[in-house]
Structures are given as C-alpha cells and as structure tokens.
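So the chains spell out like this:
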Amino acid sequence: MGQLVVNGERLLANLDRFAAIGATKKGGVNRQALTGPDREARRLLAQLAVERGFSVFQDPIANLFICRKGRDDSLAPLLIGSHLDSQPSGGRFDGALGTLAAFEVIETLEDFGIETERPVEVVAFTNEEGCRFAPGCMGSTAFASRTIPSGWSSLRAADDGAEFAGELAATLQSLPGAGMRDLGFPVFAFLEVHIEQGPSLEKEGLPIGIVTGIQGTRWLEVTLSGQTAHAGTTALIYRRDPFHAAVNALGSLFAAIMPSDPAARFTVGRIAVQPGAVNAIPQTAAFTIDLRHPSSERLDEMEEKIRAVVHDAASAQGCEATIRQMFDMPPANFEAGILSALDRAAQERGFATRRMLSGAFHDALFMNRVAPSAMIFVPCRDGLSHNEAEHVEPEHSVAGCNMLLAAILQLPSLVIVTG
Ligand code: GLV
Ligand code: MN
Ligand code: MN
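Trainee: Which residues make up the overall build of the protein, and what values go with them?
Mentor: Along the protein, the regular secondary structure elements total 11 helices and 19 strands. Its C-alpha atoms give the protein principal-axis dimensions of roughly 80 × 45 × 40 Å. When burial is assessed residue by residue, the protein has 55% of its 419 residues classed as buried. Taking contacts inside the protein between residues at least 6 apart in sequence as the whole, the part at least 24 apart equals 80%. For the protein, the accessible surface area stands at approximately 16,700 Å², while carbon and sulfur atoms represent 52% of it.

Quick look at the structure:
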C-alpha cells in the first residue's frame, strides 16, 4: 500500500462549515467558550462523528471526545485535537484547524480500514481561549489535574455576566446523546495541530513547524482605587485619580519590559474605569496584564517589577493598588522521543520543517503533564491570529493534517495496517 493521505477536500469543506458557526462580518468567528455558537460547533462535530460510526463522550468540564475504537480498547488512547472555542473577534483556524485535522485523520483511518492497536480519539478541549472565563485552557487544566477548581463555578462571563456553572451545565446538556467519562483517564500521547500565530514559517517558506515547547504565561488583574469626584471642580492637589496612576504605571512598564528583553511579551488587553461618567474622576481603574517569557525566573522578575511600579504609581496619586494573579502557566518542554517521531514523519512526507518554541499557550502544555505531547504548526498569513483576518493557505491546512497522520503512524505500538 502507498503512502496514506488525508482527504484534503473534506478537511477544507469542514473548515468552511465550522467557520459559518459564529461567523463575523469580517470573515472571522466569535464562538466564545460555552456560548450558543460553541455548543452548535460541538453538536456538529458530534453529529459528524455519529454519522461515521464513532462514539462521543464528554467529561465533567465538557471536553468533547470522539472515539475510534482500537483492537484493544483497554489500552490508553492516543489523543489528537485542539479546541473549538474562539476569541471574540477570532479567526476561523485557531483551534478549529487542529480539531478538524484530527477528525479528518480518524476519518482517513476509517476510509482505508486501518486498524490500530489502541483507540485513537479526537478531543475538543473546553475554553482554551480564556477570554470569556479566565483562565484559558480550562478543559486541559481540569483534565490533567483530574479536578475542577472550586473557584471556577462562580466565575462570571466577561461579555454577558453569565455564571460559569450554569453555562457549563447547559453545554453538557446540549449533547444529551454523549456518554460521560471521568476527568483525566490515562492517555498514551497527545498531538495537536495549530496555526503558528506568528510570522516565522511564512517568512522562511516552510510548511511545517515542529514545536519543542511552550513559553510561560502569567495573567494579572490590577485594580487601582482612588476617589470619585467632580471633574470640573476638583483641583489637581485634591485628586486621587486611579486612571492617572494607571497611565503612569503603564507608561513606565511599556517603556521598561519589552524594550529591555526581546523575549518578553507584555500586553494590556482589557481596561475599565468606574463609574465611567465623562464628568467624574473614576473611583477605580482596572486592567489586565498578559505577561509571557520562556523562563520562569524572568517571569518572576518581571512580575516583581510590575508590582513595584504599580504600587509606586498608585501611592504617588493617593490611590491604592491590588494585584491579583489570574493564572500562572509555567513553560513546558516536549519530550525528545515524541519530537523525533515528528521529525521522522516530516522526513517521510518530504516536509521541510524547523523546530520552534510556541509563543502562544495551548492545551498541549497541560496534556504534557500527563502524557508525552507535542505540536505541529502550519504557517498563517502575515503571522496574524486572534484576528478575524487570520488565514491559512489551503495547502498548508492539508499539509498539517497529513503531517499529523504521518506522525501518529510513527508512534510505536499504535498501528497495525490492515487496509
Ligand atoms: C492562546 O490563545 C494564547 O493566548 O496564547
Ligand atoms: Mn488556539
Ligand atoms: Mn487562541
């Protein structure tokens, strides 16, 4: 039998089909976690699975599993997949590509009657993005730790204030036919295809990146409190203006953090002042910080610097500051064994590759704590992601999917070819 290849047309048609769910006017998607569109995408995947004779399961955090049986179903499954939720103005490939490429791989195994020793399962993890409910990677975090942190149930959605517990229950109920599984069942290995979300592969003309690890991320929520007062009558010496303190702190931090360390990433993506009247000094100014670096020590140092700068800026304006860590994702390195399986797969398929570190976080970071995990990147136009204009050339989506198929066939003790 010749080299096994996926059905590229079917993959591209599925990408279009899912991109229609939560589609935005500018060609992207808004399919935030645990919303109606997220449930609709999950229902479509479950429906496609049932049509192909695969079984469908969810776990208590609503991770969705599509199971293709192996010859010995007592063996831990190989998991492949990603996520279906998106940013509020997200692209059609972030998450969906990895989930649908994984589904295409099990459809291909089915098409060619390839029997595997152990089950191969597709997973769509819950709330990878973390923008509606923080933290991100809730599904893989809960899976890897076999527990749902108690604080999550009362979280409120950033967009409509809905409570997490209710949104999770409604999402689970939207797939009444799915079987229920425990969190954190044993997994043989995990592989995730994803768009690079950066410019390197496109610039270097490479179709595939082999991801060696994921840099660390820390999210902070800063709240500065002052005194709300009349905008027209309050002279400078009487003001305790938390927004002024925020601007000063952020001015210093933008000037200090990234310019002094090319590997550092410092982003303020959400800012709000209360009560939000044009003619009142705010009572509070709150903002988030997304801080990233490949080194945990540097993350510690940068967080310390942020805390000092924010407290100084607050006291200079007669304000108070509280800084809460929303989450801390230490960096991860993938194992050499699974990376060499990816190298062999690329060589077999003739894909030019490079090894690279992921600047974005992914579910693979958490799965790597419980099973050998790795990622395959494909290029995206202008390196753009978390943007409705996100674009992957069709041949690169198909290449990523063929690379995933080739990679699973390289994993020892997985495959018996009977097709
Ligand atoms: C994932 O979406 C990230 O923010 O890295
Ligand atoms: Mn993603
Ligand atoms: Mn994302």
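Trainee: Can you lay out the coordination of the manganese ion (ligand 2) for me, pointing to particular residues and giving the numbers?
Mentor: Looking at the manganese ion (ligand 2), the protein donor atoms are His-83 (NE2), Asp-94 (OD) and His-194 (NE2), and they sit 2.0 to 2.2 Å from it. Counting along the primary sequence, the residues that act as donors to the manganese ion (ligand 2) give the motif H-x10-D-x99-H. A gap of 3.6 Å separates the manganese ion (ligand 2) and the manganese ion (ligand 3), which Asp-94 links by coordinating each metal. Within this pair, whereas His-83 is found in strand S3 (residues 78–83), its partner Asp-94 is found in the loop between S3 and helix H3 (96–111), the two being separated by 11 residues in sequence.

Trainee: Please provide a residue-by-residue account of the coordination of the manganese ion (ligand 3), values included.
Mentor: Here the manganese ion (ligand 3) is held by the protein donor atoms Asp-94 (OD), Glu-129 (OE), Glu-129 (OE) and His-386 (NE2), which lie 2.1 to 2.4 Å from it. Spacing between the donor residues of the manganese ion (ligand 3) along their common chain follows D-x34-E-x256-H. Here Asp-94 falls in the buried class, since its relative accessible area comes to 4%.

Trainee: Account for a nonpolar patch on the surface, naming residues and giving values.
Mentor: Taken together, Phe-243, Val-247, Ile-271 and Val-273 make up a surface patch of nonpolar side chains, about 310 Å² in accessible area. Elements supplying a minimum of two residues to the nonpolar patch: helix H7 (242–256) and strand S12 (271–274). Positionally, Val-273 belongs in strand S12.

Trainee: Describe unusual backbone geometry, listing the residues and the values that go with them.
Mentor: Glycine aside, the phi torsion of most residues is negative, and most peptide linkages are trans. Residue Pro-135 is bonded to the preceding Ala-134 through a cis peptide linkage, with omega at 10°. Along the chain, Pro-135 turns up in the loop between strand S5 (120–125) and helix H4 (138–145). Residue Pro-275 is bonded to the preceding Gln-274 through a cis peptide linkage, with omega at 0°. Here Pro-275 shows up in the loop between S12 and strand S13 (280–281). Of note in this structure, Cys-137 is not a glycine but carries a positive phi near 55°.

Trainee: Break down the environment of Gly-113 for me, with residues and values.
Mentor: Note that Gly-113 resides in the loop between H3 and strand S4 (115–116). Here Gly-113 falls in the partly exposed class, since its relative accessible area comes to 38%. Separated by 43 residues in sequence, Gly-113 and Gly-70 place their C-alpha atoms 12 Å apart.

Trainee: If you had to explain the pairing of strand S14 (residues 284–293) to someone new, which residues and values would you point to?
Mentor: Walk down a regular strand and you will see the side chains alternate between the two sheet faces. For S14, the buried fraction is high: 8 of the 10 residues fall into the buried class. Sheet analysis places S12 next to S14, joined by 4 bridges and oriented antiparallel. Residue pairing in the sheet places Val-273 in a bridge with Ala-285 of S14.

Scoring rules and cut-offs
- Residues numbered from 1 in each chain as written.
- Chains lettered and ligands numbered in written order.
- Predicted model: local features only at pLDDT ≥ 70, side-chain atom pairs only at ≥ 80, totals over all residues.
- Heavy atoms only, no water.
- Helix = DSSP H or I, 4+ residues; strand = E, 2+ residues; numbered from the N terminus.
- Buried < 20%, exposed > 50% of the residue type's maximum accessible area, 1.4 Å probe, protein only.
- Contact = heavy atoms within 4.5 Å.
- Areas by Shrake-Rupley, 256 points an atom, 1.4 Å probe, with all protein chains shown as cover.
- Donors = N, O, S within 2.8 Å, 3.2 Å for Na, K, Ca; no water.
- Patch = residues over 30% accessible without salt bridge, like charges linked within 9 Å, V, L, I, M, F, W, Y side chains within 5 Å.
- Salt bridge = Lys/Arg side-chain N within 4 Å of Asp/Glu carboxyl O.
- Pairing = 2+ DSSP bridges.

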